[in-house]
Amino acid sequence: MIVSQLIRRTTCKIRDTKLSIIMPRPLASPPRRITRSSLARFAYTSDDSSSKENSVPVPVPVPVPVPALADIEDAILSTTTTSRKRKRTTTLKAPKASTSPPPIKAEEEDAVTVEKKTQAPKRQRKPARKTTDPATGTTTVSAPSDWEETYALVKAMRSAGGPAANAPVDTMGCERLASASASPRDRRFQTLVALMLSSQTKDTTNAVAMRRLQTELPAHAPGAAPGLNLENVLAVDPARLNELIWAVGFHNNKTRYLQQAAAILRDRWAGDIPDSIEGLVALPGVGPKMAHLCLSAAWGRTEGIGVDVHVHRITNLWGWHGGGGTKNPEDTRLKLQAWLPRERWHEINWLLVGFGQTVCLPVGRRCGDCELGLRGLCRAAERKKVLEGRKVRENSKVEMEVKVGDGEAVVKVEEEQEEEVVVERDAVANESLEGGLGVKEEPSGADVLKDEEKKVKVEDEQVSSASSGGKRRRTAR
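Rules behind the numbers
- Residues numbered from 1 in each chain as written.
- Predicted model: local features only at pLDDT ≥ 70, side-chain atom pairs only at ≥ 80, totals over all residues.
- Heavy atoms only, no water.
- Helix = DSSP H or I, 4+ residues; strand = E, 2+ residues; numbered from the N terminus.
- Buried < 20%, exposed > 50% of the residue type's maximum accessible area, 1.4 Å probe, protein only.
- Contact = heavy atoms within 4.5 Å.
- Areas by Shrake-Rupley, 256 points an atom, 1.4 Å probe, with all protein chains shown as cover.
- Core = buried A, V, L, I, M, F, W, Y, C linked by side-chain atoms within 4.5 Å.
- Polar contact = N/O pair within 3.5 Å; in protein donor to acceptor, adjacent residues only side chain to side chain.
- Phe/Tyr/Trp six-rings, centres within 6.5 Å; stacked < 30°, edge-to-face > 60°.
- Pairing = 2+ DSSP bridges.
- Expected span 1.5 Å × (residues − 1).
- Disulfide = S-S within 2.5 Å.
- Salt bridge = Lys/Arg side-chain N within 4 Å of Asp/Glu carboxyl O.
- Axes fitted to C-alpha atoms, helices over the stretch in contact; angles between N-to-C directions.
- Left-handed = near helix turned anticlockwise from the far one by under 90°.
- Nonpolar A, V, L, I, M, F, W, Y, C, P; charged D, E, K, R; others polar.

Student: Please explain the overall build of the protein as it appears in this structure.
Tutor: Helix and strand counts for the protein come out as 19 helices and six strands. Across the 477 residues that make up the protein, the buried fraction comes to 30%. Put simply, of all contacts in the protein between residues at least 6 apart along the chain, 55% involve residues at least 24 apart. By element, 53% of the accessible surface of the protein is carried by carbon and sulfur atoms, the whole surface being about 33,400 Å².

Student: Even after reading the chapter, I still don't get the nonpolar core, so can you show me in this structure?
Tutor: A general tendency of soluble globular proteins is for nonpolar side chains to be buried together. One finds Leu192, Val193, Leu197, Leu213, Leu217 and Leu228 to be the most contacted residues of the largest nonpolar core, which totals 37 residues. Elements with a minimum of two residues in this core: helix H7 (184-197), helix H8 (203-216), helix H9 (230-235), helix H10 (238-244), helix H11 (251-268), helix H12 (277-281) and helix H13 (288-298). Setting aside anything within four residues of it in sequence, one finds Val193 in contact with Met210, Leu213, Leu228 and Leu258. In terms of nonpolar packing, the next biggest core, distinct from the first, is built from 26 residues, Val311, Ile348, Val359 and Cys370 among them.

Student: Just checking my understanding: could you explain the side chain of Asp170 for this structure?
Tutor: Counting through the fold element by element, Asp170 comes out in helix H6 (residues 168-172). Of note is the side chain of Asp170, whose polar atom sits 2.7 Å from the side chain of Arg158. With residues up to four places along the chain from it excluded, the contact list for Asp170 reads Arg158, Ala165, Arg176 and Trp350.

Student: So what exactly am I meant to see when it comes to the packing of aromatic side chains here?
Tutor: The geometry of two aromatic rings is summed up by the distance between their centres and the angle between their planes. Enumeration over the complete set of coordinates arrives at five aromatic pairs. Note on Trp147 and Tyr151: the rings are 6.3 Å apart at their centroids and 75° apart in plane angle, and the pair reads as edge-to-face. Residue Trp147 and its partner Tyr151 are located together in helix H5 (residues 147-158), separated by four residues, close to a single helical turn. We classify Trp147 as buried; its relative accessible area is 9%. Of the residues examined, Tyr151 reaches a relative accessible area of 5% and is grouped as buried. Between Trp320 and Trp339 the ring centres are 5.3 Å apart and the planes differ by 80°, which places this aromatic pair in the edge-to-face class. Of this pair, Trp320 sits in the loop between helix H14 (309-318) and helix H15 (329-337) while Trp339 sits in the loop between H15 and helix H16 (345-358), and the two are 19 residues apart along the sequence. Under the relative-accessibility criterion, Trp320 is labelled buried at 4%. Within the aromatic cluster, the residues linked to one another by ring pairs are Trp147, Tyr151, Trp318, Trp320, Trp339 and Phe355.

Student: Explanation requested: the pairing of strand E1 (residues 129-132) in the structure shown.
Tutor: Summarising the sheet, E1 and strand E2 (residues 139-142) pair through four bridges and their orientation is antiparallel. Residue Thr131 lies in a different strand from E2, and its bridge partner there is Thr140.

Student: Even after reading the chapter, I still don't get H8, so can you show me in this structure?
Tutor: An α-helical segment advances 3.6 residues per turn. Residues three or four places apart therefore align on the same side. Counted at 1.5 Å a residue, the expected span for H8 with its 14 residues is 20 Å, and the 20 Å between its end C-alpha atoms agrees. For H8, the buried fraction is high: ten of the 14 residues fall into the buried class.

Student: I tried to follow the environment of Leu336 on my own but got confused; where do I start?
Tutor: Its location among the elements puts Leu336 in helix H15. Considering only alpha carbons, one finds Leu336 and Gly304, 32 residues apart in sequence, at a separation of 9.6 Å. Aside from chain neighbours lying at most four places away, what touches Leu336 is Ile305, Val307, Val311, Thr315, Trp320 and His321.

Student: It is not clear to me how the state of the cysteines should be interpreted in this structure. Could you clarify?
Tutor: On inspection of all chains with the given rule, the structure shows zero disulfides. The thiol of Cys294 is unpaired, and the distance to the nearest cysteine sulfur, on Cys174, comes to 9.8 Å. Classification of Cys294 by relative accessible area gives buried; the value is 1%. Left unpaired, Cys360 is separated from the closest cysteine sulfur, that of Cys378, by 6.4 Å.

Student: What am I meant to see in helix H18 (residues 383-396) here?
Tutor: For H18, which comprises 14 residues, the first-to-last C-alpha distance of 20 Å matches the rise-based estimate of 20 Å (1.5 Å per residue) to within 8%. Buried positions along H18 lie against helix H17 (371-374).

Student: For this particular structure, what's the right way to read the pattern of salt bridges?
Tutor: Pairs can form between side chains of opposite charge once their charged atoms are near each other. Per the stated rule, a full pass over the model turns up 16 salt bridges. Between Arg158 and Asp170 there is a salt bridge, with the nearest N and O atoms lying 2.7 Å from each other. Of this pair, Arg158 sits in helix H5 while Asp170 sits in helix H6; the two residues are twelve residues apart in sequence, bridging distant segments of the chain. This pair shows no difference in class: Arg158 is buried, exactly as Asp170 is. Between Arg393 and Glu371 there is a salt bridge; the shortest N-O distance is 2.9 Å. On the criterion of sequence distance, the pair formed by Arg393 in helix H18 and Glu371 in helix H17 is long-range, its members being 22 residues apart. Under the relative-accessibility criterion, Glu371 is labelled buried at 2%. Taken together, the shared-partner salt bridges in this structure form one network comprising Arg212, Glu216, Arg240 and Glu243.

Student: Quick question: what am I supposed to make of the environment of Leu197 here?
Tutor: The residue Leu197 is located in helix H7 in this model. We classify Leu197 as buried; its relative accessible area is 0%. In sequence terms Leu197 and Ile245 are 48 residues apart; their C-alpha atoms lie 8.3 Å from each other. For Leu197, the residues in contact, after removing those within four places along its chain, are Asn206, Met210, Leu213, Ile245, Val248, Lys254 and Leu258.

Student: Just checking my understanding: could you explain the packing of H5 against H16 for this structure?
Tutor: Any two packed helices are characterised by how steeply their axes cross, that is the angle between the axes, and by the distance between the axes. Interaxial distance between H5 and H16 falls to 10 Å at its minimum, and their mutual angle equals 65°. Seen along the crossing, H5 lies across H16 with a hand that is left-handed. When H5 is examined against H16, the residues Tyr151, Val154, Lys155, Met157 and Arg158 are found in contact with a partner set consisting of Glu347, Ile348, Trp350, Leu351, Leu352, Gly354 and Phe355. Split by residue class, the contact of H5 with H16 holds eight nonpolar, one polar and three charged.

Pasting the structure below:
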């Protein structure tokens, strides 16, 4: 019984599996895509009258019979909906007419006008630059911008009453150290000697050395005149010559150069100095700067610019030679001669040397007293010093007028300062001095020269005493 039931069940399962294999099942319809239009018929509609008025009626889609095995896109119901655009109307209220503008706007307008007034146009500084004409192919060098104004201001500062007046070069320059009582040939020789001694030496020290040569150099023969001339330099003992010029820089080399140059002048130039740049440069210890200055001062011919450390340094500070500048004074001379007018070649050395000795110092520049820094013409001016100088200028009301067109600088100074009278009273034992006005005067060139001579004499005595003391100690030993 049990066995027959099991057999019957297995036969039924086998039959069913055969039928399923032979007769396939019908394909199921693909699921429909749910879209907004298909879900619109399920929209919730309330019975409230207010909501019916505000709500937009949504049309109910009519079902369309879909054929079997049709495309799914055909099942999407085609419905047409009408969209309503809302019109927004805004009413602008006109502000009340007021005669006076708001205070804030007025303050802003005032601030803008003040800023426009205070802003000064920026200066465009352009260095000297080469330009080539495409038609002819010629190359010309254009001058730096504002160079005429800069030159005129420096000239005004170097004139009497300016901050750069009374420089050492004005009274103790090499072209002013020759003795007026000497012969023309000896004056030319003395100018050459002064230039040879001036290298790496201050003007005051150089003036003292020249004075000693002019007064203490022994005569070359009995009955001859002592002093600085060609014959006495050739005959003097080198040790004595070195002793007379020991205050200048590199005095040992300069002693040798002086006697070698004197021998060349005697043999090749008949006892006079050369009258050309080539002949002067051929002398030992004479460079291009000395040659150009000597030719201009001794012979009255200017064939080039004498560029020393002051001219080289100051023109590079002004940016006349471009961002890279120049490497040495000779390079500066060639670049200056390319665009500077020839009538100013002789003057520029005296102008910038005195300016560098008084205002534009190598260390501790006086930018607050310099017109170039105060007017924004010097790119290397120290800002702090310039601001302080402008404050002092506003308090003292100093004005400087410069005529650039004619090349002549005229200084007009108006000062309003409180003058203070200093009363000095010195009390000496058993003597009484009534109070008087203490007036300080600037030392002149002669006073400075006397002070330098006193210092040199004291140092000579110290050196001689030290050398004699050393000899005594050695003999005692």
